[in-house]
Amino acid sequence: MHATKPTHVRYLILLMLFVVTTINYADRATIAIAGSSLQKDLGIDAVTLGYIFSAFGWAYVAGQIPGGWLLDRFGSKKVYALSIFTWSLFTVLQGYVGEFGVSTAVVALFMLRFLVGLAEAPSFPGNARIVAAWFPTAERGTASAIFNSAQYFATVLFAPLMGWIVYRFGWQHVFIVMGAIGIVFSLIWLKVIHSPRQHPMINEAELNHIAANGAMVDMDQDKAKGKKTDGPKWDYIRQLLTNRMMLGVYLGQYCINGITYFFLTWFPVYLVQDRGMTILKAGFIASLPAICGFIGGVLGGVISDYLLRKGHSLTFARKAPIIAGLLVSSSIIACNYVDVEWMVVGFMALAFFGKGVGALGWAVVSDTSPKQIAGLSGGLFNTFGNLASITTPIVIGYIISTTGSFKWALVFVGANALVAVFSYLVIVGPIKRVVLKEPPSKGPELTNLTEAHS
C-alpha cells in the first residue's frame, strides 16, 4: 500500500453487491414467472397461490433481526457467503416438488420458499453494512441506489430467460438453473469480499480517503482477526423502536416494498390472466418496466448525492427524490383506465421508474444506523419493510378471488405509494445519525436515545 494514487477497490465491492442482489431478486422472482404454469399444473386457486407467494416473506421477516445480529457478531463476509449458498440450494430443490402429489407438492413448495426467505434474510442488512464500511457519506446514496437497483436489473436480465425456460422446458427448470448460478457465485464471493483494511487490492491512499470521509472501515476488524464481539445489546432495539424518525422510515419502507412485491409476485400473472399474454410474452414485457425501474433506481441515488454535494441538507437530499418518485409511482392506478396494451405497459413502466427513484431507504439506513449495530439496525428496518412480502401477495390474492379482477389490486398498490409519501413528509422529520445510550450494568432504566446530526 505505497502508491500515492488511490485505488478504486470500493467499486469492485459495489459490483459484487450489484451482482449478488441481482441473483437474490432473480431467485425471489422464479415463483412469479413459474406461477401461472405452476398454478395450472397443480390445480390451485388464486388464494393458495397468494399464500405460496407469501411463504418467502414469513421467513424473510422472521430472519431479519437474527440475520443482522449474525452480521454484527461474525462479520459480513462469512455470514453473507453462507446465506448465498443456502438460499441457492433451496431454490434448486424447488424444481423437484412436482415429483410429489398435488397436496404434498404445495406444502413442499411453501416450505422451500420459506427456507429461501430465511436464508436470504442477512442479504440487505449485509449490503448496508458493506456500503457503510467501504463508502464515504457523499457516495453512499449512489452506492445504495446501485445495489438496490439490481432488483430491477434482475427482471431485465432474467425474466425473459426464465419465461423462455418455462415455455420451452417447463417451470421446474427455472428453479434448477437459477439455484445453480447462486451456488457458483457464493464461491466467488469468498474470494473477492474483504473488509477495507484486509483487502489485498486496496492501497493506503484509498483507505485513508474513505476513512476520512465517513466510511466505517473498522466495522469488521475484530471478526476478520477471528475475535467474537459480544454482539448488540437487545435494549438497542427498544431505543430504535421509540424513535419517531425511524418509525417513519420503517412505515415508508413497508409501503415501498408493497409496490415491489406486486411486481415480484402478481405482475406476470396479471399480464397472463388479466391482459391475455402468453407466459413467453409476459416474461419479455415484464422486463420493460424493470428497465425503467433500474434507470430510476440509479438516478435517485445520483440526484440525492448531487444535492448533498451542492450543500443541501442530508434531510432534503434524501427526502426530495423519495417523495417525488413515489408520487410518480402512484400512476399505476391509471392502468385500470386504459385497454391498449402499450399504454398498460407504459403506465407500469412509469410507476416502476418512480418507485426506483424513491427507493432510497437503504441510503437512509446507512446514514442513520449506529456504528455498533449497523447490521441489527438494517435487519430491523428490513423486518418492517418486508412485512409487505407477507401481506401484499395475500391481500392481492383475496382481492382477485373476491372481485374477479386486478382493478382494486392496482388501487391497493398505488395507495401504498401515497402512504409512503405521507410518512416521509409528516412522520420522519429531519434525517439524523442515531446515537444510542449504552445500557448501564446497574441502575435505573435507560433514558430515551439521543440523536446527533450526521
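Source: prediction; values computed, not measured.

Focus: the overall build of the protein chain
Consideration 1: For the protein chain, the helix and strand inventory stands at 19 helices and two strands.
Consideration 2: In terms of principal-axis extent, the alpha carbons of the protein chain reach across some 60 × 50 × 45 Å.
Consideration 3: Out of the 454 residues in the protein chain, the part that is buried amounts to 59%.
Consideration 4: Residue pairs at least 24 apart in sequence account for 82% of intrachain contacts in the protein chain once pairs closer than 6 positions are excluded.
Consideration 5: As presented, the protein chain carries roughly 17,300 Å² of accessible surface, and 67% of it is formed by carbon and sulfur atoms.

A few points about the pattern of salt bridges
Consideration 1: All chains considered together, the criterion is met by six salt bridges.
Consideration 2: Among the salt bridges present, the one from glutamate 120 reaches arginine 28, with a minimum N-O distance of 2.9 Å. Highlighted residues: glutamate 120 in helix H5 (residues 102-120) and arginine 28 in helix H1 (residues 9-42), separated in sequence by 92 residues.
Consideration 3: Of the residues examined, arginine 28 reaches a relative accessible area of 3% and is grouped as buried.
Consideration 4: For the salt bridge of aspartate 72 with arginine 129, the shortest nitrogen-to-oxygen distance reads 3.0 Å. With aspartate 72 in helix H3 (residues 64-74) and arginine 129 in helix H6 (residues 123-134), this pair connects stretches of sequence that are 57 residues apart.
Consideration 5: Aspartate 72 sits in the buried class, given a relative accessible area of 4%.

Here's the deal with the side chain of serine 83
Consideration 1: Mapped onto the elements, serine 83 comes out in helix H4 (residues 76-94).
Consideration 2: Residues in contact with serine 83, not counting those within four places in the same chain, are Ala119, Glu120 and Pro122.

A few points about the state of the cysteines
Consideration 1: Summed over the entire model, instances satisfying the criterion amount to zero disulfides.
Consideration 2: For the unlinked cysteine cysteine 292, the closest cysteine sulfur is that of cysteine 335, found at 12 Å.
Consideration 3: On the basis of relative accessibility, which here comes to 25%, the residue cysteine 292 falls in the partly exposed class.

Observations concerning the packing of aromatic side chains
Consideration 1: Taken as a whole and assessed by the stated rule, the structure comprises 21 aromatic pairs.
Consideration 2: Summarising the aromatic geometry, the rings of tyrosine 25 and phenylalanine 124 are spaced 5.8 Å apart at their centres and angled 80° between planes, so their arrangement reads as edge-to-face. With tyrosine 25 in helix H1 and phenylalanine 124 in helix H6, this pair connects stretches of sequence that are 99 residues apart.
Consideration 3: Residue class for tyrosine 25 comes out buried when judged on its relative accessible area of 6%.
Consideration 4: Residue phenylalanine 124 is classed as buried on the basis of its relative accessible area of 2%.

A few points about the environment of glutamine 94
Consideration 1: Secondary-structure assignment places glutamine 94 in helix H4.
Consideration 2: For the pair glutamine 94 and phenylalanine 175, spaced 81 residues apart in the sequence, the C-alpha separation amounts to 6.0 Å.
Consideration 3: Setting aside chain neighbours within four positions, we find glutamine 94 in contact with Leu109, Leu112, Arg113, Val116, Trp171 and Phe175.

Overview of empty space enclosed by the protein
Consideration 1: For the coordinates displayed, the defined rule picks out four cavities of 30 Å³ or more.
Consideration 2: As a volume, the largest cavity reaches approximately 180 Å³.
Consideration 3: Ala29, Gln151, Thr155, Phe263 and Leu264 are, among the 20 residues lining the largest cavity, the residues nearest its centre.
Consideration 4: Elements represented by at least two residues in the lining of the largest cavity include exactly H1, helix H7 (137-169), helix H12 (244-274) and helix H13 (279-309).
Consideration 5: In terms of residue count, H7 provides more of the lining of the largest cavity than any other element does, six residues in total.
Consideration 6: Mapped by element, the contributors of at least two residues to the lining of the second largest cavity are H1, H7, H12 and helix H16 (361-368).
Consideration 7: Element by element, the count of residues in the lining of the second largest cavity is highest for H12, at four residues.
Consideration 8: When the residues that make up the lining of the second largest cavity are grouped by side-chain class, the tally is seven nonpolar, eight polar and two charged.

Conventions adopted
Residues numbered from 1 in each chain as written. Predicted model: local features only at pLDDT ≥ 70, side-chain atom pairs only at ≥ 80, totals over all residues. Heavy atoms only, no water. Helix = DSSP H or I, 4+ residues; strand = E, 2+ residues; numbered from the N terminus. Buried < 20%, exposed > 50% of the residue type's maximum accessible area, 1.4 Å probe, protein only. Contact = heavy atoms within 4.5 Å. Areas by Shrake-Rupley, 256 points an atom, 1.4 Å probe, with all protein chains shown as cover. Salt bridge = Lys/Arg side-chain N within 4 Å of Asp/Glu carboxyl O. Disulfide = S-S within 2.5 Å. Phe/Tyr/Trp six-rings, centres within 6.5 Å; stacked < 30°, edge-to-face > 60°. 1 Å grid on protein atoms, 1.4 Å probe; cavity = no way out; pocket = protein on both sides within 12 Å on 5 of 7 lines; lining within 4 Å. Points joined across faces, edges and corners; volume = space filled by probe spheres on them. Nonpolar A, V, L, I, M, F, W, Y, C, P; charged D, E, K, R; others polar.

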